[in-house]
Structure formats: C-alpha cells, structure tokens
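So the chains spell out like this:
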Amino acid sequence: MDQRASDDGWGSSAAAALSASSATGSSGTTASASTAGYFSSNASASSASSSSTAAEKPPLTLASAAGKLKIVISDPQKHGEGTSAFVNYLVTTKTSLPSYSGMDFSVRRRFQDFAALHRSISDEAPSCVIPPLPGKHRMEYITGDRFNPDFIERRRVSLQSYMDRLSRHPTLQLTTSLRKFLDSADSVPESIAKPKDTNVFENLSDTLLNAFTKVKKPDERFTEFKEQLEKLEENITVLERLHSKMIKIEAELELDLLEFGGHISTLGTMETQITGPLTDFGNILRNMCSNLRETINAEDLEYLANIREYIAYCQSVKDLLKLRDQKQIDYEELSNYLQNHIMDRDRTLNPQRGGGGLVSYFNNKFQELKGVDQEKARKEKLEKLAIKIKELEDAVEISNEVSIAFSEEVVREVEFFKVLKLVDWRTYMASYANSQHEYYEKVSSTQSVVFISR
C-alpha cells in the first residue's frame, strides 16, 4: 500500500472501527470508547474536507500556475571524499507568490534533501498526483561511479524535471514543504528532514485489513480512467523498449562508421592518386560519427529519460487511485459493520424471529443454568448496541463525506493529468523531431561542403 494510505490525514475509518471492535466484540464498551475517540479526533478534518468539496472548486489549469514559480537546478558541486562524499546542486528560485520571503533567492541542496521534500510533500498533499522522484538505486551506486560527470548531469536534468512538475501544479506550488525547501537558508529544513512519526503496527494492520478487500461498487469514472492509464503505461513501456534498442543500434553504427572511416583514411595514404577524395570521405565519416554521438547523448539524456520518468509518473497516478479506492473501502466496510450491529439489535429485540440457530439456543440455555436474568441481560445488550449503532452511524457519515470529498479531488487531479500528458508529449515529440532534423542537416551540410569543394 502507498505510505500515504495510512498517514494522509483523511483517516482510515474502517481500520479504526474494526480494530476497536475486535477488542471486546459487538457489545464491548472498550470498542465503543475507542471508536468514539478516533472519530471525534478526525471529525473536524472530515467536516472541513466535505464543506469545500472539489465539486465547488474550479478545475486545475496550467494557466493558474504559470509564471508564478520558476525553479532552476544548476552548478552541481562535489563535497568530501570517500564514503562521506556527496554532490549538491544550486537551486535558484524566482517567484511572485506572496508566501515566499522574496522574489529571487537560491540555496544548495543534495539529493537526500530532495528525497525528504518528496516525503514531506506527499504527506501534505495526499490527494495530489505527486511527480516521481528520480531513482537513487542505480548501477552507478553499486559500481562507485556516482560522481561521474555524465551521471551527475543526468541526475541534474531529472531533478530539474521533478521541480518543474512541482512548480507547474497549482496546489503543489503552494505547499509549505516546497516553500521551506526553496526559501530556507538551512542545509535542509528540520520539519522536512524528519520523517513523520508513524505507528508501524497500525500501518501493518491497515495493510493486512485491506490487502484482500476490493471496492464493492466501483466508480465508473475511475474504472474507465484506470483502463486508459494501463493502456498508456503499456504503450510508453513498449516505446521505451523500442527506443532503447534503437539507441543501441545507433551506438553500434557509430562504432562501425568510425572503424570504416579509419580504414578509408588508411587506404588514402596508400593510394596516392586518390588520396584527396578518400581523405574527404574519411572526414565525412568521422563527422557523421561525431554528429551521431551528439544525437545519441541528447536522446538518452532527454527523450529516453523523459519516457522512463513518465512510466514512473503513471505509477504515481495509480498510487493515488489506490488511495481513493481505500477511502471507499473504508466507507463500505464501516457500512457493513453498522448493518451487522443493526441485525444484532433486531435479533435481540425479536428473538423469536431472528432465531439465532443452535448456537444462540445453547447459549441461552447455558445462561439460564448459570442463573442469569435473561430479560435484564437483553436490556443491557440493547443499551450497548444502541450506543454502538449511534457511534457507527456517525462514523459512516464521516467516512462517506471523506470518501466523496477525496474522490472529487482525485477527479480534478485526473483531469489535470490528462492536460499535462498532452502538453508533455507534444513537447517530447517536438524536441525529438528537432534533434533528428538537426542531425540530418549536419550530415547533409558536411557532405555538401565536401562535394562542392571537389
């Protein structure tokens, strides 16, 4: 389960109620107290969420965030030696947002600071699609080559893409976590660096509780989008695989051209009568290799990296959809729990109708043998059930409000992601087409110059 599912501030209603009930059963006072305490502490947050649902909010747009926050990642510098060595980056910010202390400022941040920001902003904005952070577990960390200039530049480009996605999001650009990350003179703000305190056992119980639980009444809006997202991710994955093969073939072609050019130049020194044309041809091949290498590097650094990041971006959207499903599951499980208590109350009120089976019959007989006053016990049970049902009715109402509000926020995020997807892929494809055009123009101009001169 996504970490946000247990730490997001929207609550985990079913987990709280069901864990509370397991302490003493359907008529236990401990369960009532525990459930009541949980929902009283979360009622204010739920009410605030439901009072301003996304249905009343305007859609998220790029225009509403444009020009308000510009972040540039540059000037990577290595510090220290050995195992304590690290690289930090200059983070320069220009903004017109009033929440910042100024309009133009800069700080230096290392990768672990970006990772801390990612955790913090995920906790602060649980209903947003959080852009994926560039991965840290790469082969360079195993081979000890993480200070290679090529790797550092790749990471800088990825971090730039990450910050661009945060700054263009109308909600994320206003988060306290991002402001402190950009605006604080400290090495890393303490409120961001410290992971949020969580109860491991509560997280584990939430995970186990819902691991095999599915939404009983799926929302068609999200079902349809999940299918579209799966198809998008599948197509991007195929594109990434094919383009990786293309780059590998281009790299092999580069080596072949380089070797061929060397042989042509050698042949030119042997065949003195045609040394000039052979030398020109060898130069053309070397220029082609140089141009091809530039194109390969550009494709690998930008186009292919963007494709891979978008696969991770799709996973971020999936995580948000799973979290939305969790909210609905909470509501459905609580509703089912409430119905069980109502049925128990009805059976207690009308024992001749409810029957209860052999277990209930033998239990009643056993209570009679113990000298228990059946009528008094029945009244006490009904009183406890009435209290529990009232608590659960309130809990179900809160959980329903939370689920609806969260779902509407996710709808806004989904629609915004669709807009971003179109903008991003137009940019990616235009950049790729331009790089190919530039490559073939260079090759053509090199050949033209040589042949005209001859």
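This is a predicted model, so every value here is computed, not measured.

Draft legend 1. Main features of the overall build of the protein chain. Helix and strand content of the protein chain: 14 helices and 3 strands. Expressed as a percentage of the 454 residues in the protein chain, the buried residues total 41%. In the protein chain, the share of contacts with a sequence separation of at least 24, taken over all contacts with a separation of at least 6, comes to 79%. Only carbon and sulfur atoms are counted for the fraction: they give 56% of the accessible area of the protein chain, which is about 24,600 Å².

Draft legend 2. Representation of the packing of helix H6 (residues 149-167) against helix H11 (residues 275-349) in the model. Contact geometry for H6 and H11: axes closest at 11 Å, N-to-C directions at 50°. Considering the angle they form, H6 stands oblique to H11. In the packing of H6 onto H11, the handedness of the crossing is right-handed. Where H6 abuts H11, its residues Glu153, Arg154, Val157, Ser158, Ser161 and Arg165 lie against Asp300, Leu301, Glu309, Tyr310 and Tyr313. Of the residues that constitute the contact of H6 with H11, the class distribution is 4 nonpolar, 2 polar and 5 charged.

Draft legend 3. Molecular detail of unusual backbone geometry. At Asp75, a position not held by glycine, the phi torsion is positive, near 45°. Relative to the assigned elements, Asp75 resides in strand S1 (residues 69-79). Judged by relative accessible area, Asp75 falls into the partly exposed class, the value being 36%.

Draft legend 4. Focus on helix H7 (residues 176-183). Residues of H7 that are buried: Ser177, Leu178, Phe181 and Leu182. Down the axis of H7, the buried side of the element spans an arc of 120°, and every buried residue falls inside it.

Draft legend 5. Highlighting the side chain of Arg324. Within the secondary structure layout, Arg324 lies in helix H11. Judged by relative accessible area, Arg324 falls into the buried class, the value being 2%. If near-sequence neighbours (up to four positions away) are discounted, Arg324 is found in contact with Asp219, Phe222, Phe406, Ser407 and Val410.

Draft legend 6. Spatial organisation of the packing of aromatic side chains. Considering all chains together, one arrives at 12 aromatic pairs under this definition. Residues Phe225 and Phe417 carry aromatic rings whose centres are separated by 6.4 Å and whose planes lie at 85° to one another, so their mutual orientation is edge-to-face. Separated by 192 residues along the polypeptide, Phe225 in helix H10 (residues 220-270) and Phe417 in helix H14 (residues 374-453) bring together distant segments of the chain. Exposure remark for Phe225: the relative accessible area of 5% places this residue in the buried category. Looking at Phe417, the relative accessible area reads 3%, which means it is buried.

Draft legend 7. Seen up close, empty space enclosed by the protein. For the structure shown, the criterion picks out 1 cavity of 30 Å³ or more. If you go around the largest cavity, the residues you meet are Val129, His169, Tyr313, Glu413, Phe416, Phe417 and Leu420. Residue contributions to the lining of the largest cavity peak at 4 residues, all from H14.

Draft legend 8. Region of interest: helix H4 (residues 111-124). For H4, spanning 14 residues, the distance from its first C-alpha to its last is 20 Å, which sits close to the expected 20 Å at 1.5 Å a residue. Across the 14 residues of H4, 11 count as buried, placing the element largely inside the fold.

Draft legend 9. Representation of the pattern of salt bridges. Per the stated rule, a full pass over the model turns up 22 salt bridges. Across the pair Lys226 and Asp325 runs a salt bridge, and its minimum N-O distance is 2.5 Å. With Lys226 in helix H10 and Asp325 in helix H11, the pair connects residues that are 99 residues apart, well separated along the chain. Residue class for Lys226 comes out partly exposed when judged on its relative accessible area of 29%.

Calculation criteria
- Residues numbered from 1 in each chain as written.
- Predicted model: local features only at pLDDT ≥ 70, side-chain atom pairs only at ≥ 80, totals over all residues.
- Heavy atoms only, no water.
- Helix = DSSP H or I, 4+ residues; strand = E, 2+ residues; numbered from the N terminus.
- Buried < 20%, exposed > 50% of the residue type's maximum accessible area, 1.4 Å probe, protein only.
- Contact = heavy atoms within 4.5 Å.
- Areas by Shrake-Rupley, 256 points an atom, 1.4 Å probe, with all protein chains shown as cover.
- Axes fitted to C-alpha atoms, helices over the stretch in contact; angles between N-to-C directions.
- Parallel < 35°, antiparallel > 145°, perpendicular 65-115°, else oblique.
- Left-handed = near helix turned anticlockwise from the far one by under 90°.
- Nonpolar A, V, L, I, M, F, W, Y, C, P; charged D, E, K, R; others polar.
- Arc of directions from axis to C-beta.
- Phe/Tyr/Trp six-rings, centres within 6.5 Å; stacked < 30°, edge-to-face > 60°.
- 1 Å grid on protein atoms, 1.4 Å probe; cavity = no way out; pocket = protein on both sides within 12 Å on 5 of 7 lines; lining within 4 Å.
- Points joined across faces, edges and corners; volume = space filled by probe spheres on them.
- Expected span 1.5 Å × (residues − 1).
- Salt bridge = Lys/Arg side-chain N within 4 Å of Asp/Glu carboxyl O.

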